[in-house]
Amino acid sequence: MPSEPRGRANSSAECLALDNDLVWAIRMISGALRRAAADASETLPGGPRAYLVLVALAEAGDKPPTQLELAGQVGLDRTVMTYLLDDLEGQGLLSRRPNPQDRRARHVILSDEGRSQLLRMRTDVAAAEKRLLAELNDEQRAQFRDLLTRVALTAQRGTLKD
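Bear in mind that the values here come from a model prediction, so they are computed numbers and not experimental data.

Asker: A description of the overall build of the protein should follow, citing residues and the corresponding values.
Answerer: On a plain count of helices and strands, the protein comes out with six helices and two strands. Counted from the first residue to the last, the protein has its helices and strands arranged as α-α-α-α-β-β-α-α. Looking at the protein as a whole, 28% of its 162 residues qualify as buried. By sequence separation, contacts in the protein at least 24 residues apart represent 48% of the contacts at least 6 residues apart.

So this is what it looks like as structure tokens:
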């Protein structure tokens, strides 16, 4: 059994094959964060998907997205997004208003209650992230987040195919 923690890449013969596999690493990180988001959002309809929607709305600032834009940002099917927004609006976490430029589209706006719920969830998720990234120093954590975000944006654009 290797003496180093699982996942720490090294050049010794003791290094497990999975320790250097990106698919395995992303799956482990994703699973841990999904569980943390699920725990933090367990009282919301849609669970972790609701968390992502509230995060996207909070980051939108003064330019609220349309339902379709929001679905694209968080990676949800537009039909699923409609049902999720219905449920979140029913709980008073957001509202939808007609787009003045296109009456077929609706802007989605985070409510004060939605902002309050998101703050609570972000605190819980941040604690889980801190535990997950405990082996990294502050500079490494910042670099890891930056690199991961850049790769995620590439994945979102769907540029993996030849």
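Alright, that's what it looks like, and here's the rest.
Asker: Provide a residue-level description of the pattern of salt bridges, including the pertinent values.
Answerer: When the charged atoms of two side chains lie near each other, side chains of opposite charge can form a pair. On inspection of all chains with the given rule, the structure shows eight salt bridges. The partner of Glu89 in a salt bridge is Arg96, with the nearest N and O atoms 2.8 Å apart. For Glu89, a relative accessible area of 31% translates into the label partly exposed. When salt bridges that share partners are traced, they join Asp86, Glu89 and Arg96 into one network.

Asker: Summarise a nonpolar patch on the surface; cite the residues concerned and give the values.
Answerer: A grouping of Leu22, Ile26 and Leu148 is seen on the molecular surface, where their side chains present a nonpolar patch of about 270 Å² in accessible area. Looking at the secondary structure, you find Leu22 in helix H1 (residues 22–40).

Asker: Run through helix H6 (residues 138–157), naming residues and quoting values.
Answerer: The first and last C-alpha atoms of H6 sit 29 Å apart over 20 residues, in line with the 28 Å expected at 1.5 Å per residue. Among the residues of H6, the N-terminal cap falls to Asn137, whose side-chain oxygen and the backbone nitrogen of Glu139 are separated by 3.0 Å. One or two steps after H6, the chain reaches Gly158, where phi turns positive at roughly 70°.

Asker: Go over the side chain of Asn99 with me, naming the residues and quoting the values.
Answerer: Within the fold, Asn99 resides in strand S1 (residues 94–99). A relative accessible area of 9% means that Asn99 is categorised as buried. If we ignore the near neighbours within four places in the chain, the residues touching Asn99 are Thr66, Ala105, Arg106 and His107.

Asker: Quick one: what's the story with the pairing of S1, residue by residue and with numbers?
Answerer: The pairing of S1 with strand S2 (residues 102–110) spans six bridges and is antiparallel. The residue of S2 that forms the bridge with Pro98 is Arg106. Following S1, the chain reverses through two residues before pairing antiparallel with S2.

Quick notes on the rules
Residues numbered from 1 in each chain as written. Predicted model: local features only at pLDDT ≥ 70, side-chain atom pairs only at ≥ 80, totals over all residues. Heavy atoms only, no water. Helix = DSSP H or I, 4+ residues; strand = E, 2+ residues; numbered from the N terminus. Buried < 20%, exposed > 50% of the residue type's maximum accessible area, 1.4 Å probe, protein only. Contact = heavy atoms within 4.5 Å. Salt bridge = Lys/Arg side-chain N within 4 Å of Asp/Glu carboxyl O. Patch = residues over 30% accessible without salt bridge, like charges linked within 9 Å, V, L, I, M, F, W, Y side chains within 5 Å. Areas by Shrake-Rupley, 256 points an atom, 1.4 Å probe, with all protein chains shown as cover. Expected span 1.5 Å × (residues − 1). Polar contact = N/O pair within 3.5 Å; in protein donor to acceptor, adjacent residues only side chain to side chain. Pairing = 2+ DSSP bridges.

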